[in-house]
Amino acid sequence: MNHPPSSAVPLGSPLYEQIKQAILGALAHGEWKQGEAIPPEKVLAERFGVSIGTLRKAVDELAAENILIRHQGRGTYVAVHTRNSHFFKFFRIVRQDGEKSYPTTELMRFRRTRASALAREKLGLPSGSHVFEFNNVLSLHGEVVMVDEVSLPENLFPGMTERHLRERPSTLYSLYQDMFGVNVIATDERLRTCRASATHAPWLGVPEGEPLLQIRRVAYSYHRQPVEWRVSHVNTEAYEYLGQEYTGGA
C-alpha cells in the first residue's frame, strides 16, 4: 500500500521534495529512531510510489543536511548527535586565537512557569502554555564567558527536572535526544549587542552596563518545529562568535 507524500510542501513542488517531507514526517513521528537504519531504497520507493532516482534525490538531500547518514555497504541510518560533530555545529563561541573548547556548565536556576508572550511567539505555543526555564553559566578555559537563558515547551519535555539538567552525562541537545526523543537538527540565530543587566553582570564577573554580545536562538526539530528558545549573553573581551566555517571545495 502506498503512503501519500506529505502535504507540508506547496502544491506543485518537485516530487523529490514531497518525498523528502514525507520521510521527515516519518522521522518526526518516531517511525525510525536515531541510530536506526531506514528501509532500503527499493522498499521506500515502492512505499511512496516513486522511482528509485526520485527517492535517492530526497535521501541525498537529507544526508547533505546530516539528518541521515549513508554507510557504504550497510545502508542509510538516522543521524545520532555525537558529542563532537553535533556540539560544535551549534556552539560557536571560541577564544580569539581560534581555539575551540568544551565549556563547563553550572546550572544557576530552574523553574516551571507560564510561557511569556515572547516565548510563546518563538515556540509557537498557545496562550496559557507552560515552559521549563533555566539559566546556565558557561566557562571556557576556566573563564566564565557566557550565560544562557533557555525555555523549553512542557509538552515536548514532560517531566523535565532540575536533576535531569544537573546530572546529564553529555550535551544538552544529547539530553533532549536521549531522554525526550527531541532531535535538534537546525537553529536560527540573531546577533545584537546589549549591556550586562544587574542579574547577568555578577554571573559573568563584569560591571553592570558592560557591553555584551547577545545571541537569540530558536532550535528546530523535523519540519521546522521549534523546540527551544534561548538567549545567550557573551563577554567578548577574549572570545568571539565563529560563523559557518569553510570546509574546502571549489
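Note that the structure is predicted; figures quoted are calculated from it, not measured. (Residues numbered from 1 in each chain as written. Predicted model: local features only at pLDDT ≥ 70, side-chain atom pairs only at ≥ 80, totals over all residues. Heavy atoms only, no water.)

**Topic: helix H7 (residues 172-180)**
In terms of residue burial, H7 counts as a mostly covered element, since seven of its nine residues are buried. By the burial criterion, the buried members of H7 are Leu172, Tyr173, Ser174, Leu175, Tyr176, Gln177 and Phe180. Two residues or fewer after H7 comes Gly181, characterised by a positive phi angle close to 65°. (Buried < 20%, exposed > 50% of the residue type's maximum accessible area, 1.4 Å probe, protein only. Helix = DSSP H or I, 4+ residues; strand = E, 2+ residues; numbered from the N terminus.)

**Examining the environment of Gly124**
Along the chain, Gly124 falls in the loop between helix H5 (117-123) and strand E5 (130-140). Sequence separation between Gly124 and Val227 is 103 residues, and the spatial gap between their C-alpha atoms is 9.2 Å.

**Quick word on the packing of aromatic side chains**
Using the criterion set out here, one finds five aromatic pairs in the structure. Judged by centre distance (5.9 Å) and plane angle (15°), the rings of Phe110 and Phe132 are stacked. Remark: Phe132 occurs in strand E5 and Phe110 occurs in strand E4 (residues 104-114); sequence separation between them is 22 residues. Judged by its relative accessible area of 4%, Phe132 falls in the buried class. Ring geometry for Tyr173 versus Tyr176: centroids 5.3 Å apart, planes at 35°, classification tilted. With Tyr173 and Tyr176 both in helix H7 and three residues apart, the pair spans about one turn of that helix. Across the pair, exposure class does not vary: Tyr173 and Tyr176 are buried alike. (Phe/Tyr/Trp six-rings, centres within 6.5 Å; stacked < 30°, edge-to-face > 60°.)

**Structural notes on the nonpolar core**
Counting residues in each nonpolar core, the largest one holds 21 residues, and the members touching the most others are Ile23, Leu27, Trp32, Phe48 and Leu55. When contributions to this core are tallied by element, the ones reaching two or more residues are helix H1 (15-28), helix H2 (41-48) and helix H3 (52-64). A per-element tally of this core places H1 first, with six residues. In this view, Ile23 contacts Trp32, Phe48, Leu55, Val59 and Leu62; residues no more than four positions away in its chain are not counted. Counting 20 residues, the second-largest nonpolar core is a separate cluster that includes Phe90, Phe132, Leu156 and Phe157. (Core = buried A, V, L, I, M, F, W, Y, C linked by side-chain atoms within 4.5 Å. Contact = heavy atoms within 4.5 Å.)

**Describing H1**
Helix length check: H1 (14 residues) gives 20 Å between terminal C-alpha atoms against 20 Å at 1.5 Å per residue, within 8%. For H1, the buried fraction is high: 11 of the 14 residues fall into the buried class. For H1, the full list of buried residues reads Tyr16, Glu17, Ile19, Lys20, Gln21, Ala22, Ile23, Leu24, Gly25, Ala26 and Leu27. Those residues of H1 that are buried lie in contact with H2, H3, strand E1 (68-71) and strand E2 (75-78). A positive phi of about 75° marks Gly30, the residue just after H1. (Expected span 1.5 Å × (residues − 1).)

**Describing the packing of H2 against H3**
Relative orientation of the contacting elements H2 and H3 amounts to 105°, with a least axis distance of 9 Å. Taken together, H2 and H3 sit at an angle that is classed as roughly perpendicular. Across the interface between the two elements, Glu41, Lys42, Leu44, Ala45 and Phe48 of H2 pack against Ile52, Leu55 and Arg56 of H3. (Axes fitted to C-alpha atoms, helices over the stretch in contact; angles between N-to-C directions. Parallel < 35°, antiparallel > 145°, perpendicular 65-115°, else oblique.)

**Observations regarding the pattern of salt bridges**
Scanning the entire structure with this criterion turns up 15 salt bridges. One salt bridge connects Glu154 with Arg112, and the closest N-O pair in it is separated by 2.6 Å. Linking Glu154 in the loop between strand E6 (143-153) and helix H6 (162-166) with Arg112 in strand E4, this pair joins segments that are 42 residues apart in sequence. Since its relative accessible area comes to 24%, Glu154 is described here as partly exposed. A salt bridge links Glu228 to Arg230; the nearest nitrogen and oxygen atoms lie 2.8 Å apart. (Salt bridge = Lys/Arg side-chain N within 4 Å of Asp/Glu carboxyl O.)

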